[in-house]
Amino acid sequence: MKVLIIEDEKNAFDYLSSLLNRANPQVEIEDQLESVEEAVNWFSEDKKIDLVFLDIELSDGLSFEIFQHVEVKAPIIFTTAYDQYAIEAFKVNSIGYLLKPINQMELNLALEKYEKYRPKDLEAFSSQLKSIFGEGQKVKKQRCLVKKSNHFEFIQIKDIAFVHSDQGLTFLYTFKGERHVYNNTVEGLYHELDEEQFFQINRGQIININAIKKIHPYFNYRMKLELQNNKMDIEFLVSRSKLPDFKVWLDG
């Protein structure tokens, strides 16, 4: 049985590894990952694994976000030091969960449950996880996943100065002047953002309030925005239909 452990604390990883070896010496630990970003990259390569031990709190956020970006087909045993992450909502659909510090007997029972149900309808299991962690997430987006050559990286939402659509592509521009292609529409992304920080000024542009340098009156009852770090010399016009809400947003 090949196992993947996603855990950002070395002591916790070593402890779980020893318990697994004690429970079943045939278990092979295929890899150890420490973050949401590493997990997304790992699963995006469609690697084969029998079982995943997934810590809920990782170095760069909650592991639930993994399911927003990639499909995880393998059964999962969640591990956590806390009990407030809606355990009751997903324990029926997962193979199980283990509350830290992990107990050897509870681990043995979780492995027995895995052996009993594998490989029964793992596709349905994956869909259930995506449903739980996709539709259930109500918090505003904290990061965007972008492709860089042969791997993926996260761009923190707070680092995005503006979003601009050009020739059917959506681009994220950071305060550092970096540009990244993003696989979503401007409208689709806007609904996931914090509306106190971001505003969609027209059909193809979103701006971060911290990126606004100056505001100028413009003809036909519009406004023209001058943004920081606009190295591409992109024009930003607040449309007439957006102007009333834009003024309210500015006055926050």
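Structure: above.
What comes next concerns the included structure.

The rules behind each value
Residues numbered from 1 in each chain as written. Predicted model: local features only at pLDDT ≥ 70, side-chain atom pairs only at ≥ 80, totals over all residues. Heavy atoms only, no water. Pairing = 2+ DSSP bridges. Helix = DSSP H or I, 4+ residues; strand = E, 2+ residues; numbered from the N terminus. Axes fitted to C-alpha atoms, helices over the stretch in contact; angles between N-to-C directions. Contact = heavy atoms within 4.5 Å. Buried < 20%, exposed > 50% of the residue type's maximum accessible area, 1.4 Å probe, protein only. Core = buried A, V, L, I, M, F, W, Y, C linked by side-chain atoms within 4.5 Å.

**Thoughts on the pairing of strand β15 (residues 212–218)**
Thinking step 1. Relative to strand β16 (residues 222–227), β15 is paired through 6 bridges, and the arrangement is antiparallel. By the bridge assignment for β16, Lys214 is matched with Glu226.
Thinking step 2. Connecting β15 to the next strand, β16, in antiparallel fashion are 3 residues, including Asn220 with a positive phi near 65°.

**Some remarks on the sheet that holds strand β17 (residues 236–238)**
Thinking step 1. Strand order in this open sheet of 3 strands is β15-β16-β17, and the pairing throughout is antiparallel. In this open sheet, the two strands that pair with only one neighbour each are β15 and β17. Pairwise comparison of adjacent strand axes, ignoring direction, gives a mean angle of 30° for this sheet.
Thinking step 2. Where helix α8 (residues 243–251) meets the sheet, its contacts fall on β15, β16 and β17, and the angle it forms with β16 comes to roughly 45°.

**What to know about helix α2 (residues 36–44)**
For an α-helix, the turn length of 3.6 residues means that residues three or four places apart are oriented alike.
Thinking step 1. Listing the buried residues of α2 in full gives Val36, Ala39, Val40, Asn41, Trp42 and Phe43.
Thinking step 2. Asp46 sits one or two residues past α2 and shows a positive phi near 55°.

**Here we look at the sheet that holds strand β14 (residues 205–208)**
Thinking step 1. Ordered by their spatial adjacency, 5 strands build an open sheet running β12-β11-β10-β14-β13, and the pairing between neighbours is antiparallel. Of all the strands in the sheet, the pair left with one neighbour each is β12 (179–182) and β13 (198–202). Direction aside, the axes of adjacent strands within the sheet are offset by 25° on average.
Thinking step 2. In this sheet, β14 lies alongside strand β10 (residues 160–166) in antiparallel orientation, the contact comprising 3 bridges. Among the inter-strand pairings, Phe162 is bridged to a residue of β14, identified as Ile207.
Thinking step 3. Contacts between α8 and the sheet are confined to β13 and β14, with β13 contributing the most and set at about 155° to the helix.

**Thoughts on the nonpolar core**
Thinking step 1. Within the largest apolar cluster, 32 residues are counted, with the highest numbers of intra-cluster contacts made by Ile207 and Phe246.
Thinking step 2. Looking at this core, the element that brings in the most residues is β10, giving 4 residues.
Thinking step 3. Those residues in contact with Phe246 that sit more than four places away from it in its chain are Phe199, Ile201, Ile207, Ile212, Met223, Leu225 and Val238.
Thinking step 4. The next biggest cluster of nonpolar side chains, apart from the first, holds 23 residues, and it includes Val36, Phe43, Phe64 and Phe78.

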